[in-house]
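In case you want the letters, here they are:
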Amino acid sequence: MNTHGLEAKPLNVSDIRKDFPIFSQPDGKSLYFLDSAASSQKPLQVLNAMDNYYCTTHANVHRGVYRLAEQATELYESARGKIGRFIGAPNPSREIIFTKNATESINLLSNSLSRGTLKRGDVVVLTEMEHHANLVPWLIAKEQLGIEIRYIMVDENGYLNLDNIDEVLRNAKILSITLASNVLGTINPVSQLAELAHKNGAIVIGDGAQFVPHVATNVTALGVDFLAFTGHKMLGPTGIGILWGKSALLDSLPPFMGGGDMITDVTLDGFSPNELPWKFEAGTPPIAEAIGLGAAIDYLENLGMDRIREHELELLSYGIEMLESNFGENITIHGPRNINDRGGVISFDFKDIHPHDISQILDQSGVCVRAGHHCAKPLMRHLGVAATARASFHIYNEQSDIDALIDALAKAQAFFG
Amino acid sequence: MNTHGLEAKPLNVSDIRKDFPIFSQPDGKSLYFLDSAASSQKPLQVLNAMDNYYCTTHANVHRGVYRLAEQATELYESARGKIGRFIGAPNPSREIIFTKNATESINLLSNSLSRGTLKRGDVVVLTEMEHHANLVPWLIAKEQLGIEIRYIMVDENGYLNLDNIDEVLRNAKILSITLASNVLGTINPVSQLAELAHKNGAIVIGDGAQFVPHVATNVTALGVDFLAFTGHKMLGPTGIGILWGKSALLDSLPPFMGGGDMITDVTLDGFSPNELPWKFEAGTPPIAEAIGLGAAIDYLENLGMDRIREHELELLSYGIEMLESNFGENITIHGPRNINDRGGVISFDFKDIHPHDISQILDQSGVCVRAGHHCAKPLMRHLGVAATARASFHIYNEQSDIDALIDALAKAQAFFG
Amino acid sequence: MPGLEDLYREIILDHYKNPRNEGEFPTPPAIKAEGHNPLCGDELTVYVILEGSVIKDIRIAGQGCSISRSSASLMSVAVKGKTLQEVDRLLSIFKSMMSISTNTSGETEAVDPVEYSERELGELIALQGVVKFPVRIKCATLSWNTLVQALEDRAS
Amino acid sequence: MPGLEDLYREIILDHYKNPRNEGEFPTPPAIKAEGHNPLCGDELTVYVILEGSVIKDIRIAGQGCSISRSSASLMSVAVKGKTLQEVDRLLSIFKSMMSISTNTSGETEAVDPVEYSERELGELIALQGVVKFPVRIKCATLSWNTLVQALEDRAS
Ligand SMILES: Cc1ncc(COP(=O)(O)O)c(C=O)c1O
Ligand SMILES: Cc1ncc(COP(=O)(O)O)c(C=O)c1O
């Protein structure tokens, strides 16, 4: 494993890339992977942690008395601790719940809150820039319960419009908001909004899917009551998501799914739920995936989240500068101009070339960017487009990725010009 | 990869074991793993399929235009096809839904059926031998909707008592039943029950968690409408489960979770769901896990499910014979006497030694058996015990595992005697 | 790896840049339907003027990528003036051409392959290369599915 | 790997085979609580007869493994005749002894470690080896948690 030098130094990307086998493509071609906001690549350390587990220790957790089962349980539970400490959770062993992805984390909340907390007419506040994962669960609750959904709208600079925020939050029961937009990059003033929402007595849920993988996170400083995020965007495997919540709130909510491990007792007539966190983990959990995510967190912490953020800011400013200087009027870049308010995501529109076609042509040069609505259709309508192209970064990206993007865009322009 | 000889020949277990790295324990000690009913071990072929995917092809599925994303989508979707064909699904590409485990598969149904199909007073029929995964979801529905749950009881030989089955099924809206008990081993007459239930107009759900990994399965022959099972018990990774359902029924059900990939359109006011199967797959799915499960199915099919069943029947009859001849009156073996009615599971009680203590002492000899209520507390009450010890088999087990079990049990007897 | 020229044939670029039958019709007399490509958010509205069982005229409005828009434009030319029966036949042929990778890709429609001659396809054959790019198949079939939708809505 | 002798001390086997204070009391005058070990299904009922703030007598009924039953038996001996304050102290000491692996195992109770002498523990020290077998900690603490439950239920 690399140790990647001292705290203050910039990331050594060429060392980092050696840990990511995907950059040695079988056909020998270069891969310019600019789609980490959809899903990041995985270092060998993560794959090895899972393989080691399967090759030496695998057994189902929590119920076995024998050594393998006990060790598997210990590995699984210590991943929980690691993830909790990574986001500054006061009590990881009770407050970190493993789900399958960020989407399940939010559905767990919307479902559980719909069974007791939310009533017809209650107000849930979202924003216009939410990912479908933080829209559809509430739209389902609206369908079922008749709650009212209010939105904090987005202004022309890609920020939340907070002019009438007091009114929007008035009587709100829940504020559920993304920490960073997967389209605009916008990093929202969540701690400020959480404070306002709490004054109104609302529960505050943060969608950290695009934030936790890139920026040092502390749930207490953020001031949220719940935080959802996902393993595969932070160097971890697919198949695992996380929900953090304050113990007292988690204790007060009914379980989401029913099954093994989430009960204290079951009779033919009823059941009593288990303690936290297992109350919310029905059935065999993603054991290897939790262990893999633990290794991903070791890897991120070893690099240092502050250095990672610095690195992404550099790429961001280089990327925006290069796009604008090369394509000027032909390109529209969405989101805040101040890069300090942004995550490592650049969504853009190219004059007269549809994002699908851009992505297809870029792919011929080995440049991977996403094209589409990015699961944020309401935001797309706000932007007045059906789709955008999006380049996004993680630790293994470097300026040459952006240079390749620029070259390939020039080719696309020539092709469709 | 081994090809393991011709169709008719018995399994070559020593060849098979070479594919399972866990049997080469780092401390060089022998591992007698008799807990596959909790979770099976994984062959290298499965681990390699996932590693290859992560090392060459990983990208998020369904939304990317570039080659990696397209190939990832193709691998993911072709795993769906493979799994569908493995259980004889008429239309795999629409009817196979990936979940995180069998528990989610059943919760998906109980939740979705609770939003339109089931009404207060409606009857859901279960059996007394269900795993909590097929009890608690319905107990939650009972709490929420006020449905009535009826049970098919278990008789003194470990079979379902079908004496009054017409009465039990009368007016039933749903029959949800395990294909094979994880405690008794009992293989239930599901196709017969499905026919009866259908005559009453009920929907039939099969819990195949303990069946599909061991016995050739054809959903049409079974006559069920839905089938839930789980990857980690069938040589696949953790973090993936399956729900198969008839297209027409799946089409008629509302989605379970909301988020990316499960929608056609989303506005600030509402959403329209996607086509099957994606309507039920919210958020980033377990991509690598689906691919790993596909490789597990290749492995099982390569051996042949009929040979696997033969192999397990042999172990079962040897195991029961050895336990009874060695411990006679001191041991009680639960479940049917006719091994053809059983899966590869032997639950037993040992006179005056608690299963926890048995499992602990067996572990000292490297013998792994499960001790506990096996997530079937109502069945435990029926058996009049708090817990049992359980030995269970898969393809890598052989007579020497049973011999080790017998030796270790003799030690436990001496220790507590 | 299939090349760009497989996808972006000259006919396609021409129909993309100069879409035929673009626009709207008042409803009635026209019937219309809206289609979404859930993968990218493209939206398309198809307006049809039926006279008996003949598609008298057709217009297409909306946004889309080169494949989706050129396919819509090609479709509009192909179906205009045709009887519903002829359109049905064209649809089967087109879907058949697009379904080559049905089983491995994310496409769900199990299409029975249809025997057809290239002559029957006419300019539509320019879209043949799309099957090598499975994600784009949805772009190419969007307008056809929307047309079917419009005709079905009318029926019900 | 820790050996069996760490777990199954002689005192434990003795209390397992000859459990002290086994049985039931009528309620009232006794107070009672039921405890479950969710991991294995073991169930246990603790009956307590309080006189003022002294545990005058205690009985334990139920099923369990050697660790759970011997721990219950040892507990019953340890708390009988003690004041609630003394029992509180014993409980903290016992939990402290059991919490050595709190952070790595599945145990959730974050117990503040307590200073104590071995003399204070008395025979309870026989259960010290259980911490090397994290899954069994729940077996050892079940009776104590159930006792606490009984005393709390009374309070409310
Ligand atoms: C009969 C039965 N059903 C359901 C399950 C649940 O499977 P999972 O824990 O993978 O959801 C199990 C396994 O624990 C089982 O044995
Ligand atoms: C802001 C945001 N929230 C939620 C999600 C959902 O994550 P997942 O698909 O892993 O559930 C994503 C990623 O797609 C996202 O970008």
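Residues numbered from 1 in each chain as written. Chains lettered and ligands numbered in written order. Predicted model: local features only at pLDDT ≥ 70, side-chain atom pairs only at ≥ 80, totals over all residues. Heavy atoms only, no water.

**Student:** Quick rundown of the interface of chain A and chain B? Include the residues and the values.
**Tutor:** Taken together, the contacts link 93 residues of chain A with 93 residues of chain B. Summed over both sides, the interface between chain A and chain B buries roughly 7,500 Å², with carbon and sulfur atoms accounting for 58% of that surface. For chain A, the biggest contributors to the area lost against chain B are A:Y54, A:Y66 and A:L268; these three give 10% of the whole. Our enumeration of links across chain A and chain B arrives at 8 salt bridges. (Contact = heavy atoms within 4.5 Å. Buried area = accessible area lost by both parts, 1.4 Å probe. Salt bridge = Lys/Arg side-chain N within 4 Å of Asp/Glu carboxyl O.)

**Student:** Please set out the sheet that holds strand β14 (residues 370-372) of chain B residue by residue, giving values where relevant.
**Tutor:** All names here are of chain B. Read from one edge of the open sheet, 4 strands run β11-β12-β15-β14, paired in antiparallel fashion. If you trace the sheet from one side to the other, it starts and ends with β11 (331-333) and β14, each paired once. When the angles between neighbouring strand axes are averaged without regard to direction, this sheet yields 30°. With 3 bridges joining them, β14 and strand β15 (residues 388-392) adopt antiparallel strand pairing. In the strand pairing of β15, R370 is matched with R390. Contacting β11 and β12 (345-350), helix α12 (residues 305-327) crosses the sheet at an angle of about 10° to β12. (Pairing = 2+ DSSP bridges. Helix = DSSP H or I, 4+ residues; strand = E, 2+ residues; numbered from the N terminus. Axes fitted to C-alpha atoms, helices over the stretch in contact; angles between N-to-C directions.)

**Student:** Residues and numbers for the site of ligand 1, please.
**Tutor:** Taken together, 15 residues sit near ligand 1, with A:T284, B:T103, B:D207, B:T230 and B:K233 positioned nearest. Separating an oxygen atom of ligand 1 from a side-chain N or O atom of B:H232 is a distance of 2.7 Å. Taking B:K233, its side chain carries an N or O atom lying 2.7 Å from an oxygen atom of ligand 1. In the complex, the protein chains occlude 97% of the 390 Å² of accessible area that ligand 1 would expose alone. Partitioned by chemical class, the residues of the shell around ligand 1 number 3 nonpolar, 10 polar and 2 charged. (Near = heavy atom within 4 Å. Polar contact = N/O pair within 3.5 Å; in protein donor to acceptor, adjacent residues only side chain to side chain. Areas by Shrake-Rupley, 256 points an atom, 1.4 Å probe, with all protein chains shown as cover. Nonpolar A, V, L, I, M, F, W, Y, C, P; charged D, E, K, R; others polar.)

**Student:** So what's going on with the arrangement of the chains? Which residues, and what values?
**Tutor:** Ranking by contact count across 5 pairs of chains in contact places chains A and B at the top. Considering only C-alpha positions, the minimal separation of the non-contacting chain C and chain D is 41 Å.

**Student:** Explain the pairing of strand β2 (residues 96-99) of chain A to me, and be specific about the residues and the numbers.
**Tutor:** Residue and element names in this part refer to chain A. Burial of β2 is two-sided: the residues I96 and F98 facing one way and the residues I97 and T99 facing the other way are all buried. Looking at chain direction, β2 and strand β8 (residues 241-245) are connected through 4 bridges and run antiparallel. Looking at the pairing, T99 lines up with G241 of β8. (Buried < 20%, exposed > 50% of the residue type's maximum accessible area, 1.4 Å probe, protein only.)

**Student:** Before we move on, can you summarise the domain arrangement of chain A with the specific residues and values?
**Tutor:** All names here are of chain A. Parsing chain A into structural domains produces domain 1 (48-302) and domain 2 (304-416). On a C-alpha basis, the centres of domain 1 and domain 2 stand 29 Å from each other. Listed as interface residues are 31 residues of domain 1 and, on the opposing side, 30 residues of domain 2. Buried surface at the junction of domain 1 and domain 2, summed over both partners, amounts to about 2,400 Å²; 61% is from carbon and sulfur atoms. Counting the contacts that link domain 1 with domain 2 gives 0 salt bridges. Counting across the interface, domain 1 meets domain 2 through 14 residue pairs in polar contact (both at pLDDT 80 or more). In terms of residue count, helix α11 (residues 287-303) provides more of the side of domain 1 that touches domain 2 than any other element does, 4 residues in total. Across the side of domain 1 that touches domain 2, the residue classes tally to 16 nonpolar, 10 polar and 5 charged. (Domains from an automatic or database assignment.)

**Student:** Lay out the packing of helix α13 (residues 355-364) of chain B against helix α15 (residues 399-416) of chain B in plain terms, naming residues and giving numbers.
**Tutor:** Helix packing for two helices is described by the angle between their axes and how far apart those axes are. All names here are of chain B. Between α13 and α15, the shortest axis-to-axis distance is 9 Å and the interhelical angle comes to 120°. Relative to α15, the element α13 lies oblique. Here the hand of the crossing between α13 and α15 comes out right-handed. Across the interface between the two elements, D357, I358, I361 and L362 of α13 pack against L405, A408, L409, A412, F415 and F416 of α15. Class assignment for the residues of the contact of α13 with α15 results in 9 nonpolar, no polar and 1 charged. (Parallel < 35°, antiparallel > 145°, perpendicular 65-115°, else oblique. Left-handed = near helix turned anticlockwise from the far one by under 90°.)

**Student:** Describe the site of ligand 2, with residues and values.
**Tutor:** Among the 15 residues in the neighbourhood of ligand 2, the closest are listed as A:T103, A:D207, A:T230, A:K233 and B:T284. Around ligand 2, the neighbouring residues derive from chains A and B rather than from a single chain. Burial of ligand 2 by the protein amounts to 97% of the accessible area it has alone, namely 390 Å². Among the residues making up the shell around ligand 2, the classes are represented as 3 nonpolar, 10 polar and 2 charged.

**Student:** Tell me what's going on with the relation of the copies chain A and chain B, and back it up with residues and numbers.
**Tutor:** Rotating chain A by 180° about the axis while translating it 0.0 Å along that axis superimposes it on chain B, leaving an RMSD of 0.0 Å. These values place the two chain copies in the arrangement generated by a two-fold rotation axis. The rotation axis passes nearest to the C-alpha of A:G239 in chain A, at a distance of 2.8 Å. Comparing contact sets, 100% of the residues at the interface of chain A also lie at the interface in chain B, consistent with an isologous, same-surface contact. (Least-squares fit on C-alpha atoms with pLDDT ≥ 70 in both.)

**Student:** So, the interface of chain B and chain C: which residues are in play, and what are the values?
**Tutor:** Listed by partner, the interface residues are 19 residues for chain B and 15 residues for chain C. Of the roughly 1,300 Å² buried between chain B and chain C on both sides combined, carbon and sulfur atoms contribute 58%. The largest share of the area that chain B buries against chain C comes from B:E70, B:E74 and B:T264, three residues that together contribute 29% of it. Summed over the shared surface of chain B and chain C, the number is 1 salt bridge. With its nearest N and O atoms 3.9 Å apart, the salt bridge here joins B:E275 to C:K138. At the junction of chain B and chain C, the tally comes to 0 residue pairs in polar contact (both at pLDDT 80 or more). Sorting the residues of the side of chain B that touches chain C by element identifies α3 (67-86), α4 (92-95) and β9 (263-266) of chain B as the ones contributing at least two each. With 5 residues, the top contributor of residues to the side of chain B that touches chain C is α3(B). Class assignment for the residues of the side of chain B that touches chain C results in 5 nonpolar, 6 polar and 8 charged.

**Student:** Hey, could you go over the side chain of C:S76 for me, with residue numbers and the actual values?
**Tutor:** Residues and elements named next belong to chain C. Here S76 is to be found in helix α3 (residues 66-79). A residue is classified by how much of its surface remains accessible, and S76, at 0% relative accessible area, is buried. Look past the residues within four positions of S76 in its chain and what remains in contact with it is R20, N21, I58 and I60.

**Student:** Quick one: what's the story with the pairing of strand β4 (residues 148-152) of chain B, residue by residue and with numbers?
**Tutor:** Residues and elements named next belong to chain B. Relative to β4, strand β3 (residues 123-127) is paired through 5 bridges, and the arrangement is parallel. Bridging across to β4, V124 finds its partner in I149. Taking the sense of rotation as the criterion, the β-α-β connection linking β3, helix α6 (residues 136-145) and β4 turns out right-handed. (Right-handed = clockwise from strand over helix to strand, strands pointing away.)

**Student:** Tell me about the nonpolar core, and please be specific about residues and values.
**Tutor:** If you look at the biggest cluster of nonpolar residues, it comprises 168 residues, and the most contacted ones within it are A:I87, A:I395, B:I87 and B:I395. Leaving out residues up to four positions away in the same chain, A:I87 has contacts with A:I96, A:V212, A:T217, A:N218, A:V219, A:L227, A:F229 and A:W244. (Core = buried A, V, L, I, M, F, W, Y, C linked by side-chain atoms within 4.5 Å.)

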